[in-house]
Amino acid sequence: MSPETAKALETKTKLLEGALRTLTEQGIAKTSARTVAAAAGVNQALVFYHFGSVDELLAAACRYGAERTVARYRPRLATVTSLSELLTVGREIHEQERAGGHVALLGQLLAGAQTHENLGPATAAGLDLWIVEIEKVLTRVLAATPFGEFADPAGLARAVAASFVGIELYEGVDPTGATAALDALEQLGFLVGALEELGPVAQRAVRHHLRRTSRR
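Nothing here was measured: the structure is a model prediction, and the numbers come from that model.

K.L.:
What's the story with the side chain of arginine 91 in this structure? I'm lost.
P.N.:
Looking at the element boundaries, arginine 91 is found in helix α5 (residues 83–99). For arginine 91, the residues in contact, after removing those within four places along its chain, are Phe164, Thr179, Leu182, Asp183 and Glu186.

K.L.:
Whenever I open this one, the pattern of salt bridges confuses me. Can you help?
P.N.:
Pairing is possible between side chains of opposite charge, provided their charged atoms come close. Applying the stated rule across the entire model yields 8 salt bridges. Residues glutamate 17 and arginine 68 are paired through a salt bridge, measuring 3.4 Å at the closest nitrogen-oxygen approach. Here arginine 68 lies in helix α4 (residues 54–77) and glutamate 17 lies in helix α1 (residues 3–26), a separation of 51 residues in the sequence. With relative accessibility at 32%, the residue glutamate 17 sits in the partly exposed group. Residue classification places arginine 68 among the partly exposed residues on the basis of a relative accessible area of 38%. As a salt-bridge pair, glutamate 133 and arginine 74 come within 3.0 Å of each other at their nearest N and O atoms. Placement of glutamate 133 in helix α7 (residues 119–142) and of arginine 74 in helix α4 is noted, with a sequence separation of 59 residues between them. Arginine 74 sits in the partly exposed class, given a relative accessible area of 35%. Linked by salt bridges that have partners in common, Arg74, Glu133 and Lys136 make up one network.

K.L.:
Please explain the nonpolar core as it appears in this structure.
P.N.:
General note: in soluble globular proteins, nonpolar side chains tend to be found buried as a group. Counting residues in hydrophobic clusters, the biggest one holds 24 residues, and the most contacted among them are Leu15, Leu57 and Leu58. Of all elements in the fold, only α1, α2 (33–40), α3 (45–51), α4, α6 (102–112) and α7 reach the threshold of two or more residues within this core. The dominant element in this core, judged by the number of residues it contributes, is α4, at 7 residues. With residues up to four places along the chain from it excluded, the contact list for leucine 15 reads Val36, Ala40, Val42, Leu46, Val47, His50, Phe51 and Leu57. With 23 residues, the next largest nonpolar core counts Val70, Val141, Ala161 and Leu182 among its residues.

K.L.:
Any chance you could explain the packing of aromatic side chains here in plain terms?
P.N.:
Think of a pair of aromatic rings as described by two things: how far the centres are apart, and how the planes are tilted against each other in angle. This model, assessed by the stated rule, comprises 1 aromatic pair. Between tyrosine 73 and tryptophan 130, the ring centres sit 6.0 Å apart and the planes meet at 35 degrees, which makes this aromatic pair tilted. Taken together, the positions of tyrosine 73 in helix α4 and tryptophan 130 in helix α7 put the pair 57 residues apart, joining distant regions of the chain. In this structure, tyrosine 73 and tryptophan 130 share a single accessibility class: buried. Geometry around phenylalanine 51 places lysine 12 over its ring, the cationic atom sitting 5.6 Å from the centre.

Criteria and thresholds
- Residues numbered from 1 in each chain as written.
- Predicted model: local features only at pLDDT ≥ 70, side-chain atom pairs only at ≥ 80, totals over all residues.
- Heavy atoms only, no water.
- Helix = DSSP H or I, 4+ residues; strand = E, 2+ residues; numbered from the N terminus.
- Contact = heavy atoms within 4.5 Å.
- Salt bridge = Lys/Arg side-chain N within 4 Å of Asp/Glu carboxyl O.
- Buried < 20%, exposed > 50% of the residue type's maximum accessible area, 1.4 Å probe, protein only.
- Core = buried A, V, L, I, M, F, W, Y, C linked by side-chain atoms within 4.5 Å.
- Phe/Tyr/Trp six-rings, centres within 6.5 Å; stacked < 30°, edge-to-face > 60°.
- Lys NZ or Arg CZ within 6 Å of the ring centre and 35° of its normal.

This is the structure in structure tokens:
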């Protein structure tokens, strides 16, 4: 890599991180070429040189942030062996992301998607990265349960991701309610875990009931 290419890559990374920091600390309404450049410590003309527009920079920053965050948690998700553990890990990730300001960032991205044309697809693409990882876990852990042949891992992965997004936003107005919602999801995981521990005869009975119900 030439020194010029390395310098350009360094500048683009500074702008991406500056955009994420500005969104988190100042909100979408105060995010501009000037505020992002100030956070990145570069000339604001470089926003347009490297990305063409502030909207394109924000979209790229959204994808960059999501890829970096998902990559950080991917190894942990790969070790999950049950639905209850998945929900526990989800709660751990939620706490860590909240402490790092990333829950506030998600709220700003969702708000900005209403007025910034490129931000909606970029935010959805970032969420899809999470959904792919959750679907992998669900496909793996549900296969060994009575629910394996009846569950839709892709749909469930979106439901789980949507639940956590909703809880993260809800937490801003009702922290106690958000905690109760997380507790309820965790309890659901424990219930499924109890079914996983049933003996072969009981599991066959559950499968038989599900098959009969699904044919109605």
